[in-house]
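Fold and geometry: a report
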Amino acid sequence: MRYLYAIFILFSVCTANAQTQKHSSKDQLRSLNWDVIGSVKFELTEKNELLPLFTESIRRFENREFDLTGYLIPIKSGQKQQTFLLATLPINQCYFCGQNGIPVMIMIEMESAVPYSEKPIHVQGILKLEEKDASYKPPITIKNAKLIN
């Protein structure tokens, strides 16, 4: 599980610079909310902990309704997913899974499972920030999320 979270952190560390390299402009999702998520940076401590550095732009959304449209990246097998990553690029264009650079990603915890889709989905829930070692737990999550049509 630590390996999965380490990959999540690598995805999240990206800045707008990394997003513009080689990405297909027709598939890349952009929005002000994705810019807020992408504003988070990380610091490696002397204890080898990867701590998130949250900007004021993301802190103002903490514990509030937040919505994103993105591509579902499953972390477990199955036709329906309740906990998954949401990314700005589809899985076949992800650096580790396919061909392009590293997209910004966020953990999503749905109220109820949703069917896997290769098309973008729109979710809304409560934005939570964790200031713990990001090697073990994703620092940004949308909890109690609902699928918005």
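Report on the accompanying structure. (Residues numbered from 1 in each chain as written. Predicted model: local features only at pLDDT ≥ 70, side-chain atom pairs only at ≥ 80, totals over all residues. Heavy atoms only, no water.)

**Some details on the pattern of salt bridges**
- Inspection of every chain in the model, using the stated rule, returns 2 salt bridges.
- With a shortest N-O distance of 2.9 Å, Arg-59 and Glu-131 are connected by a salt bridge. Of this pair, Arg-59 sits in helix H4 (residues 56–59) while Glu-131 is found in the loop between strand E6 (121–129) and strand E7 (140–148), placing the two residues 72 residues apart along the sequence.
- What makes Arg-59 partly exposed here is its relative accessible area of 30%.
- Across the pair Glu-109 and Lys-143 runs a salt bridge, and its minimum N-O distance is 3.5 Å. Taken as a pair, Glu-109 in strand E5 (residues 105–115) and Lys-143 in strand E7 lie far apart in primary sequence, 34 residues in all.
- By relative accessible area, Glu-109 is classed as partly exposed at 26%.
- The class for Lys-143 is partly exposed, based on a relative accessible area of 24%. (Salt bridge = Lys/Arg side-chain N within 4 Å of Asp/Glu carboxyl O. Helix = DSSP H or I, 4+ residues; strand = E, 2+ residues; numbered from the N terminus. Buried < 20%, exposed > 50% of the residue type's maximum accessible area, 1.4 Å probe, protein only.)

**Description of the packing of aromatic side chains**
- Using the criterion set out here, one finds 1 aromatic pair in the structure.
- Relative to Phe-66, the ring of Phe-61 has its centre 5.2 Å away and its plane inclined at 70°; by these criteria the two rings are edge-to-face.
- Note on Phe-61: relative accessible area 21%, which makes it partly exposed.
- By relative accessible area, which is 2% here, Phe-66 ends up buried. (Phe/Tyr/Trp six-rings, centres within 6.5 Å; stacked < 30°, edge-to-face > 60°.)

**Description of the environment of Thr-141**
- By secondary structure assignment, the location of Thr-141 is in strand E7.
- Note: C-alpha distance between Thr-141 and Thr-83 (58 residues apart in sequence) is 10.0 Å.

Note that every value here comes from positions in space, so none of it alone points to a role or purpose.
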